[in-house]
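One-letter residues, chain by chain:
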Amino acid sequence: MDLPLSLSEPKWLLLLFSIPPVVALGILSARARPRDRARINASTVLRATILLLIVLSLAGLQWVSSGGPLNVVFLVDESDSVSQQSRDAATNYVQKAIARMGPEDRAGVVLFGERAIIDRALSSDTTWKPAGKQPAKLATNIADAIQVGTALFPQGGSRRLVLLSDGVETIGKARDMARLVGHEPSEGGVQLSVVPMGAQSRNEVAIDRVASPNSVPGGQQFDVRVLLKSTSERAATISLFDGDQPAGSQQVQLHPGNNVVTFSVKPSDLGFHAFKARVESVDDYYAQNNEASAFTIVQKPPSVLIVAGSPADGAPLKAALAASNITADIIAPSALPEDPDALAKYDAVVLANASAQAIGQSGQERLQSYVRDLGHGLVMLGGDSSYGAGGYLRSPIEEVLPVSMDVRSSEQRASLAMTFVMDKSGSMGRCHCGGAQQFNPSMRTEFGPSKVEIAKQAIEKATAILNSSDQVGIVGFDQAPHWLLNLQTLGGVGQQGVVQALQPVEAQGDTNLAAGLQSAVDELQLADAKLKHVILVSDGWTQQGDFSAILNQMDQHRITLSTVGAGQGADPLLKKLAEQGGGRYYEAADVTSVPDIFLKETVRLVGSYYVERPFIPVAARASPILKGLNPNSLPQLLGYNGTTIKPTADLVLKSPAGDPVLAQWQYGLGRSAAWTPDVKGQWASDWVKWPQFAQFAGQMVGWTFPKESSPGLETGFTQVSGTSATGQDVAVQVHSVDSAGSPRNLLQTSVEISATGQLSKELAITQQSPGEYGGVAKGLQQGVYAVQVSQRDPTTGKLVASQTTGLVVPYPSEYSLSDDQALNARTLMSDLAQLGGGKELDIAQPAAVWSRDIASQPRPVPLWPWLLAFAIFLFPIDVAVRRLTVTRADLRRMLRLGH
């Protein structure tokens, strides 16, 4: 049979080892003094007993009693999400339950809202009235109520918590707390049972939220949508305010459930706009949920720079953008700003049929940095001087765009062997002036680069668009042929090898065109390629020869020939050779046009850079560029530039053959879009006439516009506490990276938060991890706040990045009419009962709280006071036994004194 005893500090039992030495010493003393043996033995027993009592007192010997009273603590939800009718019902329930408790039972009451307060400690009194002290009602903290209620329980007896709530939790983690305190209630733990209560009044209307765009260009009209919830059919007035100024009002008939009211606004001034919506309705229970807010930043009207090959290439786009309140400037490629700051004042740049040569290498690199590093936009339009046809293959601009210029896949392309035959005779060192009949060497005059230098540029430009598997050779001729670059794959020599082969060439000597052409044909006839082609550039002034044999040899080996006459007065021989050689003749009166002629001839030969046939573009995916447009009723196009979509880019519109018509992607910190048709009469005549062309053009170019903040800077907000009378605490997170995606570290970061008509509040922001900064804004009341984020170099004070954004603090969720909230509340109450080992109680049966279906916690009764008192009582007796010797004579004298 187990004794109902236990020890609270059993470690002190080690002191029991001190008793045997005391007993042994007493036995030895008794043997040494036989006459005092009885007294010594008695003292030894007393000492051992005293030591035993002290050790048991230190070890916390206690009597464990079972049974005891049933202790019940009622947790009553007083938050505003509980209707007054339900609160009255909860009070009535607790009063009836307390009136029915047994003589040994005890009851306590905890009221809670944002925090829990003790209204009644555990007591056997069978009456209860609320003391009048109320918790803050703007939040529901069930976890705090469970914790405070559990702390009221003494040791021993049965322990039960009864939660009366609607289950709308806004602070804390009630499930975790229930799991903690409700461990094994069947073995004497705390049991948690629940009484679900009703929520808000049936007659209620609330503004769920207000939706407006985060930012819009100045002068643009936009919608502010007010989302409302109503519990019944009712009339209501919805008012919208821009700051303190009225922005609209509507009389509406609300239906049960969700309702949407839309206001169209067009603010006249730029900057931060705080919109507040208010609803007014008869018989509306709560006023706290009748207002909600949103913000919109009205920016300066966007501006676009159109770099056009000719004014006609950009005029239709400029007119379309103007209809979308986007200002545009048209410039020639040569006028592209060299100052990055002058370029950065534009939100985006549009290349409208401007060739790569016209923009130049440095101009392309500036545009690449403009998009990649500054976060601006770039759009390329199609045309005969755009994309691959414009010389953008393997260029900085090709890297920026979502499409590549090489349209020939290994399955589609034919193998190509091409030889360039270049006249390097003395006549190519100067310009021809006059016609063929007037030619006289004494009339030549120099201007600009020589014809041979221009021919070298033309060959470099043409080879740049060839594939690495194409074969290329270069023959220069004067009075004899000279192989500048033997026929070989371009991949074997590289573009740089072509440049190096041409660099030392100078114009000198006589002209033997036939010898140069013959040398090229002899080499090409041995080449393994399906396409064999010669491009000959010369002024045509040559020793006459018999070309029939060469032409016959070309025909036999399927070699074609195109010729370029460089300068005025080029010999008609070149035209005749091209006609008989199965190619084309290009007359270049202005020798500076030779590079473009070479490019066009190479394009014609090696790839489908132009696709000219009528078709209707097909939508490949959804995109903001197509917002509000019906993808099934797009106008017809007559052609486009052939390109290939890059693997990570988004294809928005495509041709029936699957070629890109419209593509978009993110490049560095900016964005770019590719529109492969033109925007004029050549391929897109129907699009320019389309009534929705202005919307399409505005959305296409507008998609590339930079964000409101500096590139790489993002600010986020997270609620860290529930809304209460003291306001809401909000964590502010700032994520900052540079153009390469690397975190910006050790920056002086400031965040200023301000509301309309209030002083701004600067937060303490610290770096928390690489590129991550954070702080907490405390006590924010409901409303809209403008947030200004700035990051500076701490050594120089220079501004590195900045952002203007907004923060909306909603009304307390206590007043929400969310359907999800109601579902979550019911689930929470059920979960709490399960985790707490209890059950759901019926509010109509308050006596059920006293059911003894839970185990009683053992109640320990400490015995150390009694043990220690007995030890103290024995101590003087032990002293007396050891120190006093009482004889029979002493006893007789004591007796006589007593008489």
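Refer to the structure printed above.
Predicted model, so just to flag it, every value in this text is computed and none were measured.

**As for the overall build of the protein chain**
Part 1 of the reasoning: Counting its secondary structure elements, the protein chain contains 20 helices and 43 strands.
Part 2 of the reasoning: Of all intrachain contacts in the protein chain linking residues separated by at least 6 positions in sequence, the fraction that spans at least 24 positions is 73%.
Part 3 of the reasoning: Summed over its atoms, the accessible surface of the protein chain is roughly 41600 Å², and 52% of this surface lies on carbon and sulfur atoms.

**Comments concerning the sheet that holds strand 18 (residues 348–352)**
Part 1 of the reasoning: With mixed pairing, the 8 strands of this open sheet are ordered in space as 17-16-18-19-33-32-31-28. Two strands in the sheet have a free side with no partner beyond their single neighbour: strand 17 (327–331) and strand 28 (618–619).
Part 2 of the reasoning: In this fold helix 8 (residues 356–372) packs onto strand 18, strand 19 (377–381), strand 32 (660–667) and strand 33 (670–675), with an angle of close to 140° to the strand it touches most, strand 18.

**Quick word on the pattern of salt bridges**
Part 1 of the reasoning: Going through the model one piece at a time under the given rule, you end up with 14 salt bridges.
Part 2 of the reasoning: Residue Arg 278 pairs with Glu 291 through a salt bridge whose shortest N-O separation is 2.8 Å. Of this pair, Arg 278 sits in strand 14 (residues 271–280) while Glu 291 sits in strand 15 (residues 291–299); the two residues are 13 residues apart in sequence, bridging distant segments of the chain.
Part 3 of the reasoning: Given a relative accessible area of 27%, Glu 291 falls into the partly exposed group.
Part 4 of the reasoning: Note that Asp 478 and Lys 424 form a salt bridge whose closest N and O atoms lie 2.9 Å from each other. With a gap of 54 residues between them, Asp 478 in the loop between strand 22 (471–477) and strand 23 (481–489) and Lys 424 in the loop between strand 21 (416–423) and helix 10 (451–463) connect regions that are remote in the sequence.

**Examining the packing of aromatic side chains**
Part 1 of the reasoning: Enumeration according to the criterion identifies 10 aromatic pairs in this entry.
Part 2 of the reasoning: Ring plane angle 10° and centroid distance 5.5 Å describe the contact between Phe 272 and Phe 295, whose orientation is recorded as stacked. Taken together, the positions of Phe 272 in strand 14 and Phe 295 in strand 15 put the pair 23 residues apart, joining distant regions of the chain.
Part 3 of the reasoning: When its relative accessible area of 28% is taken as the criterion, Phe 272 is described as partly exposed.
Part 4 of the reasoning: Its relative accessible area of 9% is what places Phe 295 among the buried residues.
Part 5 of the reasoning: Both rings, one in Trp 675 and one in Trp 687, keep their centres 5.0 Å apart while their planes meet at 55°; by these two values the pair is tilted. Taken as a pair, Trp 675 in strand 33 and Trp 687 in helix 16 (residues 685–689) lie far apart in primary sequence, 12 residues in all.
Part 6 of the reasoning: Owing to a relative accessible area of 1%, Trp 687 belongs among the buried residues under this scheme.
Part 7 of the reasoning: Looking at Lys 276, its charged tip hangs above the ring of Phe 241, at a distance of 5.9 Å from the centre.
Part 8 of the reasoning: For the cation-ring pair, Arg 671 lies above Trp 703, with the distance from its terminal atom to the ring centre recorded as 4.4 Å.

**What to know about unusual backbone geometry**
Part 1 of the reasoning: The residue Asp 283 is not glycine, and still its phi comes out positive at about 60°.
Part 2 of the reasoning: Along the chain, the position of Asp 283 falls in the loop between strand 14 and strand 15.
Part 3 of the reasoning: Of note, the phi angle at Tyr 387 is positive, near 50°, even though the residue is not glycine.
Part 4 of the reasoning: Mapped onto the elements of the fold, Tyr 387 is located in the loop between strand 19 and helix 9 (396–400).

**Considerations on the nonpolar core**
Part 1 of the reasoning: Judged by nonpolar contacts, the single largest core of 39 residues is most densely connected at Val 304, Leu 381, Leu 653, Trp 675, Trp 687 and Phe 696.
Part 2 of the reasoning: Only strand 16 (303–308), helix 6 (311–323), strand 18, strand 19, strand 31 (650–654), strand 32, strand 33 and helix 17 (693–702) provide two or more residues apiece to this core.
Part 3 of the reasoning: With 6 residues, the top contributor of residues to this core is helix 17.
Part 4 of the reasoning: With sequence-adjacent residues up to four places away left out, Trp 687 is seen in contact with Pro 617, Leu 634, Pro 635, Gln 636, Leu 637, Leu 653, Trp 675, Phe 693 and Phe 696.
Part 5 of the reasoning: Membership of the second largest hydrophobic core comes to 29 residues, among which are Leu 336, Ile 359, Val 371 and Ala 663.

**Some details on the packing of helix 12 (residues 513–524) against helix 13 (residues 548–556)**
Part 1 of the reasoning: Running from N to C, helix 12 and helix 13 cross one another at 20°; their axes reach a closest spacing of 10 Å. In terms of orientation, helix 12 and helix 13 fall into the roughly parallel class. Seen along the crossing, helix 12 lies across helix 13 with a hand that is left-handed. Contacts between helix 12 and helix 13 involve Ala 514, Leu 517, Gln 518, Val 521 and Asp 522 from the former and Ile 550, Gln 553 and Met 554 from the latter.

**Things to note about the environment of Gln 553**
Part 1 of the reasoning: Mapping Gln 553 onto the fold places it in helix 13.
Part 2 of the reasoning: When the C-alpha positions of Gln 553 and Val 521 are compared, they lie 7.7 Å apart, and in sequence the two are 32 residues distant.
Part 3 of the reasoning: Contacts of Gln 553, omitting those with residues within four sequence positions, involve Gln 518, Val 521, Asp 522 and Gln 525.
Part 4 of the reasoning: A polar contact is formed between the side chain of Gln 553 and the side chain of Gln 518, at a distance of 2.8 Å.

**Some thoughts on the sheet that holds strand 3 (residues 70–77)**
Across a sheet, strands are paired by hydrogen bonds formed along the backbone, either parallel or antiparallel in direction.
Part 1 of the reasoning: If you trace the 6 strands from one edge of the open sheet to the other, you get 5-4-3-6-7-42, paired in mixed fashion. Of all the strands in the sheet, just strand 5 (116–123) and strand 42 (837–840) have a single pairing partner and so form its edges. In this sheet, neighbouring strand axes are inclined to one another by 15° on average, regardless of whether the strands run parallel or antiparallel.
Part 2 of the reasoning: For strand 4 (residues 106–112) and strand 5, the ladder comprises 5 bridges, and the chain directions are antiparallel. When the bridges of strand 5 are listed, Phe 112 appears paired with Ala 116.
Part 3 of the reasoning: Lying over the sheet, helix 3 (residues 84–99) contacts strand 3, strand 4, strand 5, strand 6 (158–165) and strand 7 (190–196), oriented at roughly 170° with respect to strand 3.

**Thoughts on the pairing of strand 6**
The side chains of a regular strand alternate, first on one face of the sheet and then on the other.
Part 1 of the reasoning: For strand 6, a buried count of 8 out of 8 residues is recorded, marking the element as mostly surrounded by other parts of the structure.
Part 2 of the reasoning: The sheet contact formed by strand 3 and strand 6 spans 7 bridges and is parallel. Bridge pairing in strand 6 links Val 73 to Leu 161.
Part 3 of the reasoning: One ladder, built from 7 bridges, connects strand 6 with strand 7; its direction is parallel. The residue bridging Leu 161 from the neighbouring strand is Leu 192, located in strand 7.

**Observations concerning the side chain of Glu 78**
Part 1 of the reasoning: Relative to the helices and strands, Glu 78 is located in the loop between strand 3 and helix 3.
Part 2 of the reasoning: We classify Glu 78 as buried; its relative accessible area is 8%.
Part 3 of the reasoning: In contact with Glu 78, not counting residues within four places along its chain, are Arg 87, Leu 111, Phe 112, Gln 134, Pro 135 and Lys 137.

**Observations concerning the environment of Asp 853**
Part 1 of the reasoning: Structurally, the position occupied by Asp 853 is in the loop between strand 42 and strand 43 (859–862).
Part 2 of the reasoning: For Asp 853, a relative accessible area of 44% translates into the label partly exposed.
Part 3 of the reasoning: Sequence separation between Asp 853 and Gly 838 is 15 residues, and the spatial gap between their C-alpha atoms is 9.8 Å.
Part 4 of the reasoning: Ignoring sequence-local partners within four residues, the contact set of Asp 853 consists of Arg 160, Gln 191 and Lys 839.
Part 5 of the reasoning: Only 2.5 Å separates the side chain of Asp 853 from the side chain of Arg 160, close enough to count as a polar contact.

**Side note on helix 2 (residues 37–58)**
Part 1 of the reasoning: Taking 1.5 Å per residue, 22 residues should reach 32 Å; helix 2 reaches 32 Å between its end C-alpha atoms and fits that length.
Part 2 of the reasoning: Buried within helix 2 are the following residues: Ile 40, Ser 43, Thr 44, Leu 46, Ala 48, Ile 50, Leu 53, Val 55, Leu 56 and Ser 57.
Part 3 of the reasoning: Gly 60 sits one or two residues past helix 2 and shows a positive phi near 70°.

**Overview of helix 6**
Part 1 of the reasoning: Compared with the 18 Å implied by 1.5 Å per residue over 13 residues, the 19 Å span of helix 6 between its first and last C-alpha is a close match.
Part 2 of the reasoning: Every buried residue of helix 6 is accounted for by Asp 313, Gly 314, Leu 317, Ala 320 and Leu 321. End-on, the buried residues of helix 6 take up no more than an arc of 120°, which puts them together on one face. Of the exposed residues in helix 6, the ones pointing more than 90 degrees away from its buried face are Pro 311, Ala 319 and Ala 323.
Part 3 of the reasoning: The secondary structure elements touched by the buried residues of helix 6 are strand 16, strand 17, strand 18, strand 19 and helix 17.
Part 4 of the reasoning: One or two steps after helix 6, the chain reaches Asn 325, where phi turns positive at roughly 60°.

**A short note on the packing of helix 1 (residues 19–32) against helix 2**
Part 1 of the reasoning: Two elements in contact, helix 1 and helix 2, have axes separated by 9 Å at closest approach and are oriented at 175°. Classified by the angle their axes make, helix 1 and helix 2 are roughly antiparallel. Between helix 1 and helix 2, the contacting residues are Ile 19, Val 22, Val 23, Gly 26, Ser 29, Ala 30 and Arg 31 on the first element and Arg 37, Ile 40, Asn 41, Thr 44, Arg 47, Ala 48, Leu 51 and Leu 52 on the second.
Part 2 of the reasoning: By residue class, the composition of the contact of helix 1 with helix 2 is 8 nonpolar, 4 polar and 3 charged.

Calculation rules
- Residues numbered from 1 in each chain as written.
- Predicted model: local features only at pLDDT ≥ 70, side-chain atom pairs only at ≥ 80, totals over all residues.
- Heavy atoms only, no water.
- Helix = DSSP H or I, 4+ residues; strand = E, 2+ residues; numbered from the N terminus.
- Contact = heavy atoms within 4.5 Å.
- Areas by Shrake-Rupley, 256 points an atom, 1.4 Å probe, with all protein chains shown as cover.
- Pairing = 2+ DSSP bridges.
- Axes fitted to C-alpha atoms, helices over the stretch in contact; angles between N-to-C directions.
- Salt bridge = Lys/Arg side-chain N within 4 Å of Asp/Glu carboxyl O.
- Buried < 20%, exposed > 50% of the residue type's maximum accessible area, 1.4 Å probe, protein only.
- Phe/Tyr/Trp six-rings, centres within 6.5 Å; stacked < 30°, edge-to-face > 60°.
- Lys NZ or Arg CZ within 6 Å of the ring centre and 35° of its normal.
- Core = buried A, V, L, I, M, F, W, Y, C linked by side-chain atoms within 4.5 Å.
- Parallel < 35°, antiparallel > 145°, perpendicular 65-115°, else oblique.
- Left-handed = near helix turned anticlockwise from the far one by under 90°.
- Polar contact = N/O pair within 3.5 Å; in protein donor to acceptor, adjacent residues only side chain to side chain.
- Expected span 1.5 Å × (residues − 1).
- Arc of directions from axis to C-beta.
- Nonpolar A, V, L, I, M, F, W, Y, C, P; charged D, E, K, R; others polar.

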